Amino acid sequence: MRIAVVGTGYVGLVSGTCFSEFGHDVICVDTDEGKIASLNAGQVPIFEPGLQAMIDKNSRSGYLKFSTDLQSAVAAADAVFIAVGTPSRRGDGKADLTYVYAATREIAAALTGYTVVVTKSTVPVGTGREVERILKESNPKADVDVVSNPEFLREGAAIEDFMRPDRVIVGTLVKRAQDVMSAIYRPLSLSQTPLVFTSLESSELTKYAGNAFLATKITFINEIAELCEKVGADVHDVARGIGLDRRIGSKFLHPGPGFGGSCFPKDTRALFETSVEAGAPLRIVDTVIDINERRKRDMAGRVIAACGGSLTGKKIAVLGLTFKPNTDDMRESPSLDILPELVSAGASVAAYDPEGMQEARKLLADIEFCESSYATLENADALVIITEWNEFRALDLDRVKSLMKEPVMVDLRNIYDPRDMADKGFTYSSIGRPV
Ligand code: UDX
């Protein structure tokens, strides 16, 4: 199959690269000339394990190309994937579809022969129909079907998730479009990955419903963790106990400082807006959004409490700034709420993150950024772990203690064991576990 992918953001770049790994001829298109020039020079703009190697390999073998020439890429393609950004619109939280519709108009003008136009970006219900309308209006002669094919990959595990998905959702009831999509995903039939065919609308909603459900699951366990703290229970025992019930499942029951990232916050807001507009408001989703936003802000209170009620004149060491490990992504990261609160409570803050510092420097003011974990700790009154990077799991605790002024640790990801920490002489607090 010949595939054009429009937009070389996270989803576009990973999808295009993995389609080329399937053996298809792929051209990834972007309007950003600098980005395309870098990609052609072998520089990958995001940190994602395994991506660079796969891009190098498939660029060398000629299956994967990068270009700013949308017209030629689309004209030659059997399928065009729209993978441009759909950020939250300022003010109302709805998904901003400007880029999707602009790309659609450009694609319309370039179509030749039968082409399947696929929305890969997360788009609200009804977007596929609008894309269809724009294509037909802009190019009435075009022989085209529109398909929704949402992407469920996680950052940090993107290649693995794309190559071994639990399922692929394909929103079209048109037989010949289904055939093209089946051909594209044929390599996954070896691993018996289900291809689920639905209507455009069901497919679009599946993506939002899935993300909202996962965000709800996290928020649920975060609230249970709060209750555990009050009644002396251990949230990990509770999570394991409920997770072994296969109807519940053990994943996404890890408590923390609240979910962040480029998807859950944006998609829960957009889904809620859709539901209100449709006259079926999703009250659970509204509550999840509210609880999560409060939770991120409240985390600073735990640090203040651990330091005896005041941060005035104190130094706080922070490890982990990205919204989760194995990414350089800072979007909606809990650190963006927690650090400013610490600073305004009078603390001086020293921070380190293995991949997120470049981005963090642009987003956080009045922070001393350090070159290593240990450099943040000198003379610190408390250490706060915000992101569970592997390298923070293996700290030399004796060294940590000897560097700090006070051996106080606030572990917002529960990566250490409370008993071990007590044995080591730390004043240790974590989420939802007895001290
Ligand atoms: C998510 C979805 O998992 C993915 O299917 C979708 O395509 C995009 O959104 P991603 O944002 O990359 O992926 O990260 P994910 O691993 O799902 O984590 C999201 C947030 O939830 C992170 O802030 C993470 O720390 C938090 N989280 C996740 C928890 O706090 N507890 C958990 O048990 C799981």
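The name given to the protein chain in an unreviewed UniProt entry is UDP-glucose 6-dehydrogenase, with Sneathiella chungangensis as the source organism. Comment text from UniProt for the protein chain, heading Catalytic activity (unreviewed entry), reads "UDP-alpha-D-glucose + 2 NAD(+) + H2O = UDP-alpha-D-glucuronate + 2 NADH + 3 H(+)". Entered under Pathway (unreviewed entry) in the UniProt record, the comment concerning the protein chain runs "Nucleotide-sugar biosynthesis; UDP-alpha-D-glucuronate biosynthesis; UDP-alpha-D-glucuronate from UDP-alpha-D-glucose: step 1/1."

**Points about the pairing of strand E5 (residues 115–119)**
Taking burial as the measure, the 5 residues of E5 include 5 buried ones, the bulk of the element. Burial along E5 is two-sided: Thr115, Val117 and Thr119 and Val116 and Val118, pointing in opposite directions, are all buried. Considered for its hand, the β-α-β crossover made up of strand E4 (residues 79–82), helix H5 (residues 98–110) and E5 is right-handed. The pairing of E5 with strand E6 (residues 144–148) spans 5 bridges and is classified as parallel. Bridged to Val116 within E6 is Asp145. Assessed by its sense of winding, the connection that carries the chain from E5 through helix H6 (residues 127–138) to E6 is right-handed.

**Comments concerning the nonpolar core**
Counting residues in hydrophobic clusters, the biggest one holds 122 residues, and the most contacted among them are Val6, Val80, Ile316 and Leu383. Each of two domains, domain 1 (2–198) and domain 2 (211–289), supplies a minimum of three residues to this core. Leaving out residues up to four positions away in the same chain, Val6 has contacts with Val29, Leu70, Val80, Phe81, Ile82, Ala83, Val84, Ala103 and Ile107.

So, how was this worked out
- Residues numbered from 1 in each chain as written.
- Predicted model: local features only at pLDDT ≥ 70, side-chain atom pairs only at ≥ 80, totals over all residues.
- UniProt positions renumbered as here; feature names shortened; annotations may be inferred.
- Buried ≥ 20, exposed ≤ 12 C-beta atoms within 10 Å, placed from the backbone.
- Helix = DSSP H or I, 4+ residues; strand = E, 2+ residues; numbered from the N terminus.
- Right-handed = clockwise from strand over helix to strand, strands pointing away.
- Pairing = 2+ DSSP bridges.
- Core = buried A, V, L, I, M, F, W, Y, C linked by C-beta atoms within 7 Å.
- Domains from an automatic or database assignment.
- Contact = placed C-beta atoms within 7 Å.

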